[in-house]
Amino acid sequence: MSFEKANEILKEIEAAHPENADALEQFRIKYLGTKGVIKDLFGAMKNIAAEQRKDYGQLMNTLKVAAEQKHDTLKAQFSASSQSTKEKIDITAPAYTLNLGTRHPVSIIRHKMIEIFSRIGFTVAEGPEIEDDWHNFTALNTPEDHPARDMQDTFFLDEEKQRMLRSQTSTVQIRVMETQKPPIRIICPGRVYRNETISARAHCTFHQVEGLYIDTDVSFADLKQTMLYFAQEMFGKNVVVRFRPSFFPFTEPSAEMDISCFVCEGKGCPVCKQSGWVEIGGCGMVDPAVLENCKVDAEKYTGFAFGMGIERITMLKYRINDLRLFFENDVRFLKQFESAS
Ligand code: DAH
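Note that the coordinates shown come from a computational prediction; the quantities given were computed from them, not determined experimentally.

### A short note on the overall build of the protein
Part 1 of the argument: A tally of regular secondary structure across the protein gives 12 helices and 9 strands.
Part 2 of the argument: For the protein, the C-alpha radius of gyration of 41 Å lies well beyond 20 Å, the compact-globule estimate for 341 residues.
Part 3 of the argument: Along the longest, intermediate and shortest principal axes, the C-alpha atoms of the protein span 130 × 50 × 35 Å.
Part 4 of the argument: Across the 341 residues in the protein, those meeting the buried criterion constitute 43%.
Part 5 of the argument: Contacts in the protein between residues far apart in sequence, at least 24 positions, make up 68% of those at least 6 positions apart.
Part 6 of the argument: Side chains of the protein give 42 positive and 48 negative charges; the mean places of these two sets differ by 9 Å.

In structure tokens:
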């Protein structure tokens, strides 16, 4: 082993052009491997005359550093370019499957309710969720200090309690009667708010569908037939309805509306709590005071109104026993209604 040989190898290293990762590995094994050329040259050190050893040692180092540097730089280059190759899009790879969302069960039932009522001439009306005292209470014959206000405690937006999140969709009745002339036949689906503790049966946010029909000669018989039509379209032809006397400030007379239990057909089961009947909403003949508040001639016109909770109808229809499920957005729950939408 001589200086000449070592210098020759140094040139060889400098001239080498490994073109890919495999060639680079060959280069590493050849020069830097445990049985490689450089190792051999180091081993030959003992044969070098003592006075030349220092120079030889330096040359060895130069060789080693040259080989290492070439190796390290190329390695970094190759691995960077191999990563960018990985990032290239493989157009032959199978596509990701995109999971389609499904309609929320409350939306499915809202649509179904709109569809049923539209078949008998009801159109959809909407109103704001932030309301004033007049539309949410006073015009609905529920003046300040009326005890019926207690049942509809909501979220107020000012100290004077003049602005609030609406506690019922009955507000839209007022807005429509203030701006349209009878005949009026509308339903008002929408979100409402109450200051309620959240439980399996109550929530501070929920949805209602309000109905209003104003014309000359509208009677309680029209109300009953309309509600019967709705109940049978929604729950099945065998369903019958019953009306229990009740109180709402904006209707007179007022009634609570039940349908015969469509699960057990009135025999008694857990859905109807063994009574054979399930409650689906409130209704009544619009109080003349409400008509007058909206400047509708109460001598000439009569009308009926009703209000139903959409969550309530949805729970009955799909036999869901906990209201909170609607708000949790657990896809395992929501996916079950896929085919229904
Ligand atoms: N607004 C009532 C409530 O939220 C529901 C209701 C009852 C609406 C009777 C009506 C009605 O239009 O006539 O409790």
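### Here's the deal with the nonpolar core
Part 1 of the argument: Counting residues in each nonpolar core, the largest one holds 45 residues, and the members touching the most others are Met113, Phe230, Ile259, Met308 and Ile313.
Part 2 of the argument: When neighbours within four sequence positions are excluded, Phe230 is seen to be in contact with Met113, Ile116, Phe117, Ile280, Met308 and Ile313.
Part 3 of the argument: In terms of nonpolar packing, the next biggest core, distinct from the first, is built from 21 residues, Ala125, Ile174, Leu212 and Ala298 among them.

### Focus: the packing of helix H5 (residues 105-119) against helix H10 (residues 310-318)
Part 1 of the argument: Axis separation between H5 and H10 bottoms out at 9 Å; the angle between their running directions is 100 degrees. Classified by the angle between their axes, H5 and H10 sit roughly perpendicular to one another. Taking contact as the criterion, the partners of Pro105, Val106, Ile108, Ile109, Arg110, Lys112 and Met113 in H5 are, on H10, Ile310, Glu311, Ile313, Thr314, Lys317 and Tyr318.

### Structural notes on the packing of aromatic side chains
Part 1 of the argument: The final tally for this structure, using the stated rule, is 15 aromatic pairs.
Part 2 of the argument: An angle of 25 degrees between the planes, with centres 5.1 Å apart, marks the rings of Phe117 and Phe306 as stacked. Residue Phe117 is found in helix H5, and its partner Phe306 is found in strand E9 (residues 302-309); the two are separated by 189 residues along the sequence.
Part 3 of the argument: Grouped by ring-pair contacts, the aromatic residues Phe117, Phe122, Tyr213, Phe230, Phe304 and Phe306 constitute a single cluster.
Part 4 of the argument: A cation over an aromatic ring shows up here: Lys161 above the ring of Phe156, its NZ or CZ 4.8 Å from the ring centre.

### A look at the pairing of strand E5 (residues 205-215)
Part 1 of the argument: Burial of E5 is extensive: 11 of the 11 residues sit out of reach of the surface.
Part 2 of the argument: Neither face of E5 is left uncovered, since the one carrying Thr205, His207, Val209, Gly211, Tyr213 and Asp215 and the one carrying Phe206, Gln208, Glu210, Leu212 and Ile214 both have all their residues buried.
Part 3 of the argument: In this sheet, E5 lies alongside strand E4 (residues 184-193) in antiparallel orientation, the contact comprising 10 bridges. Note that in E5 the partner of Ile184 across the bridge is Ile214.

### Describing H5
Part 1 of the argument: The end-to-end C-alpha separation of H5 is 21 Å, in line with the 21 Å expected for 15 residues at 1.5 Å each.
Part 2 of the argument: Considered for burial, the residues of H5 that qualify are Pro105, Val106, Ile108, Ile109, Met113, Ile116 and Phe117. The buried residues of H5 all sit within an arc of 155 degrees when viewed along its axis, so they share a single face.
Part 3 of the argument: Two residues or fewer after H5 comes Gly121, characterised by a positive phi angle close to 90 degrees.

### Looking at the sheet that holds strand E1 (residues 123-124)
Part 1 of the argument: The 7 strands lie next to each other as E1-E4-E5-E9-E8-E7-E6, forming an open sheet whose pairing is mixed. What marks the edges here is a single partner per strand, and that holds for E1 and strand E6 (241-248).
Part 2 of the argument: Seen against the sheet, H5 touches E1, E4, E5 and E9 and runs at an angle of roughly 165 degrees to E4.
Part 3 of the argument: Helix H7 (residues 170-179) contacts E4, E5 and E9 of the sheet and is inclined by roughly 40 degrees relative to E5.

### Side note on the site of the ligand
Part 1 of the argument: Lining the immediate surroundings of the ligand are 16 residues, of which Gln168, Ser170, Arg194, Gln208 and Glu210 lie closest.
Part 2 of the argument: Within the side chain of Ser170, a nitrogen or oxygen atom sits 3.0 Å from a nitrogen atom of the ligand.
Part 3 of the argument: Here an oxygen atom of the ligand sits 3.3 Å away from a polar atom, N or O, in the main chain of Phe306.
Part 4 of the argument: Here the ligand, which alone exposes 350 Å², has 92% of that area covered by the protein.
Part 5 of the argument: Elements with a minimum of two residues in the shell around the ligand: H7, E5, strand E8 (277-286) and E9.
Part 6 of the argument: In the shell around the ligand, the residues fall into 5 nonpolar, 9 polar and 2 charged.

Analysis parameters
Residues numbered from 1 in each chain as written. Predicted model: local features only at pLDDT ≥ 70, side-chain atom pairs only at ≥ 80, totals over all residues. Heavy atoms only, no water. Helix = DSSP H or I, 4+ residues; strand = E, 2+ residues; numbered from the N terminus. Rg over C-alpha atoms; globule rule 2.2 N^0.38 Å. Buried < 20%, exposed > 50% of the residue type's maximum accessible area, 1.4 Å probe, protein only. Contact = heavy atoms within 4.5 Å. Lys, Arg positive; Asp, Glu negative; His and termini not counted. Charge placed at Lys NZ, Arg CZ, Asp CG, Glu CD. Core = buried A, V, L, I, M, F, W, Y, C linked by side-chain atoms within 4.5 Å. Axes fitted to C-alpha atoms, helices over the stretch in contact; angles between N-to-C directions. Parallel < 35°, antiparallel > 145°, perpendicular 65-115°, else oblique. Phe/Tyr/Trp six-rings, centres within 6.5 Å; stacked < 30°, edge-to-face > 60°. Lys NZ or Arg CZ within 6 Å of the ring centre and 35° of its normal. Pairing = 2+ DSSP bridges. Expected span 1.5 Å × (residues − 1). Arc of directions from axis to C-beta. Near = heavy atom within 4 Å. Polar contact = N/O pair within 3.5 Å; in protein donor to acceptor, adjacent residues only side chain to side chain. Areas by Shrake-Rupley, 256 points an atom, 1.4 Å probe, with all protein chains shown as cover. Nonpolar A, V, L, I, M, F, W, Y, C, P; charged D, E, K, R; others polar.

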